[in-house]
Amino acid sequence: MTTPAAVPDPADHDRLLIIDFGSQVTQLIARRLRELNVYCEIHPYQSVTEAFLSGFAPKAVIFSGGPDSVTRDGSPRPPRAVYDMGVPILGICYGQQVMMQDLGGEVISGHGTAEFGRAYVTPSEARLPLLDGWFSGGREQVWMSHGDHVSRLAPGFEVYGTSPNAPFAITADPSRNFYAVQFHPEVHHTPNGRTLYENFIRLAGFAGDWTMAAYREEAVQAIRDQVGRAKVICALSGGVDSSVAAALIHEAVGDQLTCVFVDHGLLRQDEAEEVVGMFRDHMNLHVIHAEEQDRFLTALEGVSDPEVKRKTIGKLFIDVFQHYADQIEGAEFLAQGTLYPDVIESVSFSGGPSVTIKSHHNVGGLPEKMGLKLVEPLRELFKDEVRALGRELGLPDSFIGRHPFPGPGLAIRCPGEITRQKLDILRKADAVYIDQIRRHGLYDEIWQAFVAILPVRTVGVMGDGRTYDYACALRAVTSVDGMTADYYPFSHDFLGETATRIINEVKGINRVTYDITSKPPGTIEWE
């Protein structure tokens, strides 16, 4: 398997390097910069050597936060050469502390000056271009999360902002374009954080040429260069990532692309027809509709353990995809909708300082089994950029703005044993619920919404008769990236109206509940 090459060459753009020291919100820094049309990459501090810096040639550098303490022997540090490159550097939280420690200042632990949560920074009398647009109201709300603090500035640095527990909340050495803040401007709890990033990239002289229109053009050429005359197959789920990848590759190589849509019988109502219809009929893609409902549902009979469900579905999906891929003569490439967060989470901190990191199924799982080379044209992009690229490619908003849908489908929204009857009931209830959300104009306010059918039956009264039917739970959450989530605050009128519709329109359900659990402690899905 070769390293994926079907992505534009970042050397065509000004590049910003984010050195990651293990913060859980490092990705937010990159997202904020991408929103400002700046190309940036996140690399763990272990991999940033002098040779790497020379090859990457960043126009500016940002040091992320992190969970470690610079007062500890062996704590994470950047290479000393980064300070000699002559490019602007911005240190954030741990990044500020490591900059001070490296350049001759001092950091101490504890002593009652920790800050966690909302804080307010007030300016000093000195003016700093990094802070243009700040302090119009006299102070700025920021988000702090630190135990250590700077106790003595490095030579050349001055104070430009203070908070009650951070006397050096904003520091800088403007002569060297070195800037450091104790708070996190990337999180939404620092409302004016975007302005600070805008000022930083302006000071660094970025052209702001990272756009989805440019990416589309460059990616199409990169795909053509990689694939040549070979054929490409793409596992099409109907989700945003695989849909955008398929549309982009089709623009590049046309009929050399074949998509395989595996219908495993665990899809939402009318989903297969909608996905296949859009790509086959409206976009003229070659789509194989693999109708494998019986194979999957037979294998899942009697299975109630959620992990066994997932593993069974995953194995069958690979087997089915392999079967259809073998029928495509000349296929040499497999297309995947791998995104940049998948890559970061899989490679950034294996054994590094981040507290929790997951591996991702899209990065290196399926290809080894199939013996195909990878085409991953989205691996430089975040989710919001993928949606923007989809719009550039002309995909309808009904697909671009769809709520996430899990690979195992309705199987994990059906706790306990799966039966065809329960799936039919669940599909109908889910369709009513989503219709209600759309009717009330709430769909785009919600990250994800669905119905789960519960493994219990309850007594009810309908008309003059007794019923003994299933209970269901409605779920709706708001989120930025799915890592954390809050339940959506529907009105009681909405919930009452929706419950009435489901009970009246869906035979087999006589009780409706609403799940108000946030993540954590719960998960978004039920299994």
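For the structure, check the block above.
Everything numeric here is computed off the predicted structure, so don't read it as measured data. Every chain begins its residue count from 1, and numbering advances along the sequence as written. For this predicted model, a pLDDT threshold of at least 70 governs which residues receive local features, and a threshold of 80 or more governs which side-chain atom pairs are given and counted, while totals over whole chains, interfaces and linings are taken from all residues. To get the side-chain values, take all heavy atoms of the structure and skip hydrogens and water.

Caption draft 1: View of the pattern of salt bridges. Whenever Lys or Arg places a side-chain nitrogen within 4 Å of a carboxyl oxygen from Asp or Glu, that contact is recorded as a salt bridge. One pass over the structure, following the stated rule, counts 27 salt bridges. The salt bridge involving Arg 268 is made with Glu 271; its shortest N-O contact spans 2.9 Å. By relative accessible area, Arg 268 is classed as buried at 17%. Linked by salt bridges that have partners in common, Arg 32, Glu 35, Arg 194 and Glu 198 make up one network. Buried residues are those whose accessible area, probed at 1.4 Å on protein chains only, stays under 20% of the maximum for their type, while exposed residues exceed 50% and partly exposed ones sit between those limits.

Caption draft 2: Quick peek at the sheet that holds strand β12 (residues 231–235). Note on pairing: DSSP must find at least two bridges between two strands before they are called paired. We count a stretch as a helix when DSSP gives it H or I for four or more residues in a row; a strand needs E for two or more, and each element gets its number in order from the N terminus. Pairing within the open sheet is parallel, and its five strands lie in the order β14-β13-β12-β15-β16. Whereas interior strands pair on both sides, the edge strands pair on one side only; in this sheet they are β14 (286–291) and β16 (373–375). Adjacent strand axes in the sheet meet at a mean angle of 30 degrees, parallel and antiparallel pairs treated alike. In what follows, residue pairs with any heavy atoms lying within 4.5 Å of each other are defined as contacts. Comment: axis = line fitted to C-alpha atoms, over the contacting stretch for helices; angle = value between 0 and 180 degrees taken between N-to-C directions. In this fold helix α6 (residues 240–253) packs onto β12, β13 (257–263), β15 (331–335) and β16, with an angle of close to 155 degrees to the strand it touches most, β13. Taken strand by strand, helix α9 (residues 306–325) contacts β12, β13, β14 and β15, and its axis lies near 155 degrees from that of β12.

Caption draft 3: Summary view of empty space enclosed by the protein. Here a cavity denotes a set of grid points, spaced 1 Å apart and computed over the protein atoms alone, in which a 1.4 Å probe fits but from which it cannot get out, and a pocket denotes an open set meeting protein on both sides within 12 Å along at least five of seven lines; residues with an atom within 4 Å of a point are reported as lining. Grid points are joined across faces, edges and corners, and a volume is the space filled by probe spheres set on the points. Applying the stated criterion to the full structure yields one cavity of 30 Å³ or more. The volume enclosed by the largest cavity comes to roughly 30 Å³. Top element by residues in the lining of the largest cavity is strand β10 (residues 166–173). It accounts for four residues. For this scheme, ten residues count as nonpolar: Ala, Val, Leu, Ile, Met, Phe, Trp, Tyr, Cys and Pro. Four count as charged, namely Asp, Glu, Lys and Arg, and the remainder, Gly too, count as polar. Its residues assigned to classes, the lining of the largest cavity comprises five nonpolar, three polar and no charged.

Caption draft 4: Summary view of a negative patch on the surface. Only residues whose relative accessible area exceeds 30% and that form no salt bridge enter a patch; like-charged residues are grouped when within 9 Å of one another, and nonpolar side chains (Val, Leu, Ile, Met, Phe, Trp, Tyr) when within 5 Å. Surface accessibility follows the Shrake-Rupley procedure with a 1.4 Å probe radius. Residue values consider only the protein chains on display as shielding. Charged-residue counts in this description rest on Lys and Arg as positive and Asp and Glu as negative, His and the chain ends being excluded. All charge positions are set by atom: Lys at NZ, Arg at CZ, Asp at CG, Glu at CD. A cluster of acidic residues, Asp 270, Glu 273, Glu 274 and Glu 291, forms a negative patch on the protein surface. Structurally, the position occupied by Asp 270 is in the loop between β13 and α7 (271–282). Exposure remark for Asp 270: the relative accessible area of 45% places this residue in the partly exposed category.

Caption draft 5: Layout of unusual backbone geometry. Pro 520 follows Lys 519 through a cis peptide bond whose omega is -15 degrees. Note that the residue after Pro 520, namely Pro 521, is joined by a cis bond; omega there is 15 degrees. Along the chain, Pro 521 falls in the segment after β20 (509–514). Here the phi dihedral of Cys 93 falls at roughly 55 degrees; this positive angle occurs in a residue that is not glycine. With respect to the secondary-structure elements, Cys 93 resides in the loop between β4 (89–92) and α3 (94–102). Here Cys 93 falls in the buried class, since its relative accessible area comes to 4%. With a phi angle near 60 degrees, Asn 177 is a residue other than glycine that sits in the positive phi range. Along the chain, Asn 177 turns up in the loop between β10 and β11 (178–181).

Caption draft 6: Region of interest: the nonpolar core. Residues Tyr 433, Ile 437 and Phe 490 are the most contacted members of the largest nonpolar core, which totals 50 residues. Broken down by element, the residue count for this core peaks at eight residues, all from helix α14 (residues 420–439). Look past the residues within four positions of Tyr 433 in its chain and what remains in contact with it is Ala 449, Phe 450, Val 451, Leu 474, Arg 475, Ala 476, Phe 490, Phe 494, Thr 498 and Tyr 514. By size, the runner-up hydrophobic cluster in this structure holds 44 residues, among which are Tyr 215, Ala 219, Ala 247 and Leu 389. Only buried residues count toward a nonpolar core. Its members are Ala, Val, Leu, Ile, Met, Phe, Trp, Tyr and Cys residues joined through side-chain atoms within 4.5 Å.

Caption draft 7: How the structure looks around the packing of aromatic side chains. Any two of the Phe, Tyr and Trp rings considered here, Trp counted by its six-membered ring, make a pair once their centres fall within 6.5 Å; the pair's planes then place it as stacked at under 30 degrees, edge-to-face at over 60, or tilted in between. Under the definition given, this model contains 18 aromatic pairs. Here Phe 21 and Tyr 45 contribute two aromatic rings whose centre-to-centre distance is 5.9 Å and whose plane-to-plane angle is 25 degrees, an arrangement assigned as stacked. Residue Phe 21 is located in the loop between β1 (15–20) and α1 (26–35), and its partner Tyr 45 is located in the loop between β2 (39–44) and α2 (50–56); the two are separated by 24 residues in the primary sequence. Like Phe 21, the residue Tyr 45 is buried in the burial classification. When the ring of Phe 63 is compared with that of Tyr 83, the centres are 6.0 Å apart and the planes differ by 85 degrees; the resulting orientation is edge-to-face. Of this pair, Phe 63 sits in strand β3 (residues 60–63) while Tyr 83 sits in the loop between β3 and β4, and the two are 20 residues apart along the sequence. In this pair, the class of Phe 63 matches that of Tyr 83, namely buried. The rings of Phe 21, Tyr 45, Phe 63, Tyr 83, Tyr 94 and Phe 178 are connected pair by pair, giving a single aromatic cluster. We count a charge as sitting over a ring when the NZ of a lysine or the CZ of an arginine lies within 6 Å of the ring centre and within 35 degrees of the ring normal. Stacked on the ring of Phe 399, the Lys or Arg Arg 402 has its end atom at 4.9 Å from the ring centre. One cation-aromatic arrangement involves Arg 457 over Tyr 470; the distance from NZ or CZ to the ring centre is 4.8 Å.

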